[in-house]
Amino acid sequence: MNWDFRTCPYTGLKVDKNADALMKVNAVVATVALLIGGLSAIGVLLTRWQAIHLFDAAWFYRLLTIHGMNMLIFFILFFEMAILYFASAVLLNSRVAAPKAGWVGFGLMLLGTILIEWMMFAGRADVLFTSYVPLRADPNFYLGVIFFAVGALTVVIQFFATLVIAKREKTYEGSVPLVTFGAATAAIIAVITLGHGAAVYIPTYLWSLGLMEMDAQIYRLVWWGLGHSSQQINVAAMVSVWYLLGAFTVGAVVINEKISRTAFVLYVLFISMASAHHLLVDPGMGPAWKVWNTSYAMYLAVLASMIHGFTVPAGIEVGQRLRGMTKGTFEWFRRAPWGDPGFSSLILSIIIFGFLGGITGVTFGTEQINIIAHNTLRIPGHFHATVVGGTALAFMGLTYYVIPLVFRKKVAFFPLAKMQPYIFAIGMTIFSIAMTFVGTFGVPRRHWDITFANSPFDLQFAPAVDLLLGVMGIGGLIAALGGGIYILITVWSVFLGTPMEGESA
Amino acid sequence: MPADGIPKGLTDPPAPLPPDIGEGTEEQTKATGTLILVFVFLAAFVVYYFVNWKLLSALWRIG
Amino acid sequence: MHTGLESPKGIWWKPAHKAEKLWVIIAFVWCMVLFAMMPLWHVRGAQNPSGIRAKVDPEAFLARTQEFIRTYQVGTDGGLPVVAPPPGSHVYMMAMQFSWTPVLRLQAGAEYTLHLSALDVNHGFSLFPMNINFQIVPGYDYGLTVTPTEAGEFKVICNEFCGIGHHLMLGKIEVVDGPVTQGGGS
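What you see is a predicted model; the values in this text were computed from it and never measured. (Residues numbered from 1 in each chain as written. Chains lettered and ligands numbered in written order. Predicted model: local features only at pLDDT ≥ 70, side-chain atom pairs only at ≥ 80, totals over all residues.)

### Focus on the overall build of chain A
Then, number 1: Across its full length, chain A carries 13 helices and two strands.
Then, number 2: Overall size of chain A, expressed as C-alpha extent along the three principal axes, is 70 × 55 × 50 Å.
Then, number 3: A burial count over chain A gives 64% of its 505 residues as buried.
Then, number 4: Considering only intrachain contacts with a sequence separation of at least 6, the fraction spanning at least 24 residues in chain A is 84%. (Helix = DSSP H or I, 4+ residues; strand = E, 2+ residues; numbered from the N terminus. Buried ≥ 20, exposed ≤ 12 C-beta atoms within 10 Å, placed from the backbone. Contact = placed C-beta atoms within 7 Å.)

### Notes on the overall build of chain B
Then, number 1: Of regular secondary structure, chain B possesses three helices and one strand.
Then, number 2: Order of helices (α) and strands (β) in chain B, N terminus to C terminus: α-α-α-β.
Then, number 3: Relative to its length of 63 residues, chain B is extended, with a C-alpha radius of gyration of 23 Å against a globular reference of 11 Å.
Then, number 4: Along the three orthogonal principal directions, the C-alpha set of chain B runs to about 65 × 35 × 20 Å.
Then, number 5: Taking all 63 residues of chain B together, 33% fall into the buried category. (Rg over C-alpha atoms; globule rule 2.2 N^0.38 Å.)

### Some thoughts on the interface of chain C and chain A
Then, number 1: In this complex, chain C contributes 67 residues to the contact, which on the side of chain A involves 74 residues.
Then, number 2: Contributing elements (two or more residues each) for the side of chain C that touches chain A: α1 (18-44), β8 (123-128), β9 (132-136), β10 (140-147), β11 (152-158) and β12 (170-176) of chain C.
Then, number 3: With 14 residues, α1(C) is the single largest residue contributor to the side of chain C that touches chain A.
Then, number 4: Each residue belonging to the side of chain C that touches chain A can be placed in one class, and the counts come to 34 nonpolar, 23 polar and 10 charged. (Nonpolar A, V, L, I, M, F, W, Y, C, P; charged D, E, K, R; others polar.)

### What about the environment of A385(A)?
Residue and element names in this part refer to chain A.
Then, number 1: Position of A385 among the secondary structure elements: in helix α11 (residues 378-405).
Then, number 2: The buried category is assigned to A385, around which 28 C-beta atoms lie within 10 Å.
Then, number 3: Taking the C-alpha atoms as reference points, A385 and G482, separated by 97 residues in sequence, lie 15 Å from one another.
Then, number 4: Other than its neighbours up to four places away in sequence, A385 contacts I352, F353, L356, G357, T360, G390 and S432.

### What to know about the packing of α11(A) against helix α13 (residues 463-496) of chain A
All names here are of chain A.
Then, number 1: For the pair α11 and α13, interaxial distance at closest approach is 11 Å and the crossing angle is 15°. Of the possible angle classes, the one that applies to α11 and α13 is roughly parallel. The crossing of α11 and α13 is left-handed. Of α13, the residues touching α11 (which contributes M396, T399 and I403) are Y486, T490, S493 and V494.
Then, number 2: Residues belonging to the contact of α11 with α13 are distributed by class as follows: four nonpolar, three polar and no charged. (Axes fitted to C-alpha atoms, helices over the stretch in contact; angles between N-to-C directions. Parallel < 35°, antiparallel > 145°, perpendicular 65-115°, else oblique. Left-handed = near helix turned anticlockwise from the far one by under 90°.)

### Focus on the interface of chain C and chain B
Then, number 1: At the interface, 19 residues of chain C touch 15 residues of chain B.
Then, number 2: Elements supplying a minimum of two residues to the side of chain C that touches chain B: α1 and β10 of chain C.
Then, number 3: For the side of chain C that touches chain B, the leading source of residues is β10(C), giving four residues.
Then, number 4: Looking at the side of chain C that touches chain B residue by residue, the class counts come to 11 nonpolar, eight polar and no charged.
Then, number 5: By the bridge criterion, two bridges tie strand β1 (residues 61-62) of chain B to β10(C) in an arrangement that is antiparallel. From the neighbouring strand, I62(B) faces β10(C), where its bridge partner is V146(C). (Pairing = 2+ DSSP bridges.)

### What to know about the nonpolar core
Residues and elements named next belong to chain A.
Then, number 1: Among the nonpolar cores identified, the biggest contains 253 residues, and F78, L84, Y85, A152, W242 and I352 are the most heavily contacted of them.
Then, number 2: A per-element tally of this core places helix α2 (residues 57-90) first, with 23 residues.
Then, number 3: With residues up to four places along the chain from it excluded, the contact list for Y85 reads A19, L22, M23, V90 and V96. (Core = buried A, V, L, I, M, F, W, Y, C linked by C-beta atoms within 7 Å.)

### With respect to the pairing of β9(C)
All names here are of chain C.
Then, number 1: Taking burial as the measure, the five residues of β9 include five buried ones, the bulk of the element.
Then, number 2: The alternating pattern of β9 places I132, F134 and I136 on one face and N133 and Q135 on the opposite face, and all of these are buried.
Then, number 3: With five bridges connecting them, β8 and β9 associate as antiparallel partners. Across the sheet, F125 pairs through a bridge with F134, a residue of β9.
Then, number 4: Hairpin geometry of β8 and β9 is characterised by an intervening segment of three residues between the two adjacent antiparallel strands and by a positive phi of about 65° at N131.

### Focus on the sheet that holds strand β6 (residues 103-107) of chain C
All names here are of chain C.
Then, number 1: Spatial ordering of the open sheet is given by β2-β3-β6-β12-β11-β8-β9, a layout of seven strands whose pairing is mixed. Sheet topology places β2 (73-77) and β9 at the edges, where each strand pairs with a single neighbour. Direction aside, neighbouring strands of the sheet carry axes that sit 25° apart on average.
Then, number 2: Against the sheet, helix α2 (residues 58-72) engages β2 and β3 (80-83), with an angle of about 65° to β3.

### Some points on the packing of α2(A) against helix α3 (residues 99-121) of chain A
All names here are of chain A.
Then, number 1: Put simply, α2 and α3 touch, their axes get as near as 10 Å, and they point 170° apart. The angle between α2 and α3 places the two elements in the roughly antiparallel class. In contact with R62, T65, I66, M69, F74 and F78 of α2, α3 contributes M109, T113, I116, M120 and F121.
Then, number 2: Each residue belonging to the contact of α2 with α3 can be placed in one class, and the counts come to eight nonpolar, two polar and one charged.

### A closer look at the confidence of the model for chain B
Residue and element names in this part refer to chain B.
Then, number 1: Overall, the prediction assigns chain B a mean pLDDT of 91, with 95% of residues at 70 or greater.
Then, number 2: Mean pLDDT in chain B bottoms out at helix α2 (residues 26-29), which sits at 86, and peaks at helix α3 (residues 32-57), which reaches 98.
Then, number 3: Reported confidences for the modelled complex are a pTM of 0.96 and an ipTM of 0.96. (pLDDT = per-residue confidence, 0-100.)

### Section: helix α10 (residues 341-364) of chain A
Then, number 1: Look at α10(A): 32 Å from first C-alpha to last across 24 residues, which is about the 34 Å you get at 1.5 Å a residue.
Then, number 2: At G357(A), α10(A) shows its maximal kink, close to 35°. (Expected span 1.5 Å × (residues − 1). Bend = angle between axes of the 7 residues up to and from the residue.)

### Some words on α3(A)
All names here are of chain A.
Then, number 1: When the terminal C-alpha atoms of α3 are compared, their 33 Å separation across 23 residues agrees well with the 33 Å that a helix rising 1.5 Å per residue should span.
Then, number 2: When we look at burial in α3, the residues that qualify are G102, G105, F106, L108, M109, G112, T113, L115, I116, M119 and M120.
Then, number 3: Looking one or two residues beyond α3, the residue adopting positive phi is G123, at roughly 75°.

### Remarks on the pairing of β8(C)
All names here are of chain C.
Then, number 1: The buried count for β8 comes to six of six residues, which makes it a mostly enclosed element.
Then, number 2: Every second residue of β8 is oriented toward a common face, with H123, F125 and L127 on one face and G124, S126 and F128 on the other, all of them buried.
Then, number 3: Both β8 and β11 contribute to a ladder of four bridges, which runs antiparallel. If you follow F128 over to β11, its bridge partner there is K155.

### Considerations on unusual backbone geometry
Then, number 1: Cis peptide bonds are those with omega within 30 degrees of zero, and the linkage from V133(A) to P134(A) qualifies with 5°.
Then, number 2: Looking along the chain, the bond that leaves Q97(C) and enters F98(C) is cis, with omega of 5°.
Then, number 3: Looking at the secondary structure, you find F98(C) in the loop between β4 (90-96) and β5 (99-101).
Then, number 4: Of note, S131(A) is a non-glycine position whose phi angle comes to about 40°, a positive value.
Then, number 5: By secondary structure assignment, the location of S131(A) is in the loop between α3 and α4 (139-168).

Now the structure itself:
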């Protein structure tokens, strides 16, 4: 078998050209999904901003579905598939185990994506991201999800196969790097996620064809086994990217492999059960089930996040101190490369994920406190901080390294690229804080008209609500600007950018 | 001087550590800065968490 | 000392960094506090989402609610029946596309068992301005014991997407001081 490798001029790693190709296509599709998700985000935002109320009810709920699916499924998972190839084949100097399988997986994911997009845009799947039964979409919507999931599972299995082959062919010495270990935990959680996905979407598909009954509570229970676990994939992937960016930007060290690895393992062990925190005010389960499954389970996963929340910055601090920055308590922080968008994304991602996302999430995931949070805007306020301000921002930072390393192009509009993480982070911070705060007034999520025109009764929210929704709108638009700049830079760099020295156009 | 369009981590990568660094000195491997930051985080967490219990306690009795 | 991109050399199972150990212990203690607060609030706190829970056929819940309305109706409001049940009774409110029925008139300080269910799809019970929220699932009866603390006019928002008329759903719960007048009259 003749494997075609190139040697990376920066890292010295041997890169299988199949890995290059597969990383590229996944990254490109991820970016297209981000664009669709971002445009629909603007549509949703300008509609919830009551003074503007841009779209009618049907299109609002439709765009909300499109936004959720494109961001939480298509953008993030295609990007994570690219990360899996990097963490296995590239980091371990190995060949991709079965490139054809990689293409089949990609093809299935793409087929599923197109089918779902078609159903959503045609108005045949106005059921929102969670598609709660008995709300019913066109059967092809569920079929698309199944195709996507099977494709993703293929890529995940390929990841494990590549790890096995790399070990067997001794392409690296010792244990795998921590980034690979973290990616592996993300991949394991992906298997758990996809298992729940099959368990819920196959029966739901059959139900949509009229072939079987579905219990609404059981759907929610199993769906959130998929739904929350999928978010934990994002957490594990984000944390792996934190270690990766730390290494690239400041030579951050792993201060203790044992602790970091154990923290990753805790994610795997305790995450599926912790999905219970989505069901804390549901009628189908009792308090014992709720308290046990949201706490003992979640709190060890929370501990894991708090551990990484220490080890990642500590690794940066020690990495800097080992290079001479030992003056005072924060010289390592002040003299860090804030102009490197990989570094600024890293730090901002940690701060937003931890302070805004983590604190609100764990608080709302308390059985009783959930009573004052469930289905209010506090919930999307929380998860935009974690997934967007946290994971997506980290992925954006990584992209500024992917462009020269994988696509071998220079980053276009580089001065703008340096500002982009700050713009996006500031926008997301304002958006998330405003949204979480306005939710405490009881403003509902997933709602087209909080003036309740045409309702049997009147309802007036406190005047502060209008102000906060306006602030939220401004924050969201700033974030959309940051996202738009990111897409502009990446698309321009990849398709129209200057090749790196020594590369042909 | 970083080449434009390539992030600093590639054009001006972090200096390699001397091979005899071993475990590093006390001064080099302390993480006081990080410890302060995580304590600030924990303080924010504790405050936000208990404020929410307080908000909850103002509601109707529910059981 | 190595980065996250490099393979660790030799044995990586080593004692933890001092500051790291301190933080892990503190974080673990905090996690235990997070856990302990929940059973504690069940014992000492006044707001818990326990309820009396049962599976119920939507048809049966509809019938039970209609009987409840027949027994205690005192008038109409916003096109919906207003019911004034006695303190301590089982009270019913059903969610459907796209309304909350009936309007409840309750007495401040009195305890009721509020049975919530949906006839068709998921709905979200959100009491304004208290910000009390529960998931309402078809096929399940959530019987929450509630004691309104003071008089006022409260609205019920639906905060789970239930279809194109989701944002039209608005119910009402009135809480009055002193005994509610029951039966007859308008």
